[in-house]
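# Residue-level structural notes
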Amino acid sequence: MTEEAAAISARPIRLTVEREGMEGSVQHFWHYMFGYLLPTVDHHLAHAADRRRYVLESCGPVMDAVTRECLSCLGVDFVIAAADEIARQHAAAEEVLLEHWDRFTQDPQFRQELRSRLDRVVPALKAAIPNRCGCGADVALAGRILLLERSAMPNFYAPGGPAEIPSYGRARRYLTNLVEVCAQMQARGYPVAIYEPGGHSVGCQIAVFSKVRGVAGIEGAEFANLIWAPEGTRVYLLRPPGFVIPFQQCLSECMNMPYRQDNCPGVIEPLDRYALQDFFAGMGKPTLGDRIVASFRRWTARA
């Protein structure tokens, strides 16, 4: 190896986020996953033999914790730093602009482009990241329909704080009756359970979603975890007004998952148990009253 080649190989690589066409911020989970983390892993897998150190721009404390868990398990040599720190201390790093995959979750016509990229990185992550959560959710929730609970907002995302786009999780949208719906459907034999992905490690999320039969929730980044779920997983989304980009639909179709979307009038809404029982038909035993209500609703919908 020449001196010049040795000097180049010793330089760290700064992996930079491609911002053009991204409908959000990498400080929020969906855009972080498809805009930064998964492309970073893809780059590493393609260049692992180079053994170069990566300089990554901080995506905030919540996402940085995900980065550390994932990349450490892959044996990646990396450092996370704020943009101004990178400019001061890592100016000599070779810059690589990552292709963001966010664009492929915005239009169903790109499902093959998205799937081919996911097939390169998801198996490697599933194989490398252990479940160290210790909560037992992977066993308790195997074969379940997950009712997705959104997380409380960390201080980083509070209005007036350092986040690029304020607000997060339940501060944006949430379902008001998850406990009630869960109890009623369990009483009818449906294998439902409430799960808050943001309250668990990445390893736990991988283990739980790898064994689900269905997922239901309100519009949110929690659905990014569908990348860990098996084909055929049924996906139910409640969508408030103002959301026009079909992120979850694109991902569901890409992963060959039956998808249903119902619209709702606001961002703080109840989950419709009858709609869920209809979508997850065959997984439980609705009562006679449930069947009468379902028949009436189908009749009124046709009228």
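Residues numbered from 1 in each chain as written. Predicted model: local features only at pLDDT ≥ 70, side-chain atom pairs only at ≥ 80, totals over all residues. Heavy atoms only, no water.

At a minimum axis separation of 11 Å, helix α2 (residues 29-47) and helix α3 (residues 61-73) run at an interaxial angle of 30°. Taken as axis vectors, α2 and α3 run roughly parallel relative to one another. Considering the relative orientation of α2 and α3, their crossing is right-handed. Contacts between α2 and α3 pair F29, Y32, L37, T40 and V41 from the former with M63, V66, T67, C70 and L71 from the latter. Split into classes, the residues belonging to the contact of α2 with α3 amount to 8 nonpolar, 2 polar and no charged. (Axes fitted to C-alpha atoms, helices over the stretch in contact; angles between N-to-C directions. Helix = DSSP H or I, 4+ residues; strand = E, 2+ residues; numbered from the N terminus. Parallel < 35°, antiparallel > 145°, perpendicular 65-115°, else oblique. Left-handed = near helix turned anticlockwise from the far one by under 90°. Contact = heavy atoms within 4.5 Å. Nonpolar A, V, L, I, M, F, W, Y, C, P; charged D, E, K, R; others polar.)

On to the sheet that holds strand β8 (residues 214-218). The strand order β7-β5-β8-β9-β10 describes an open sheet built from 5 strands, whose pairing is parallel. The open sheet is flanked by β7 (192-195) and β10 (259-263), the only strands paired with a single partner. Each neighbouring strand pair of the sheet contributes to a mean axis angle of 20°, computed without reference to strand direction. Two elements, strand β5 (residues 145-148) and β8, share 3 bridges in a ladder whose sense is parallel. Each residue of the ladder has a partner; that of L146, found in β8, is V215. Helix-sheet contacts for helix α7 (residues 178-187) involve β5 and β7, and the interaxial angle to β7 is about 155°. (Pairing = 2+ DSSP bridges.)

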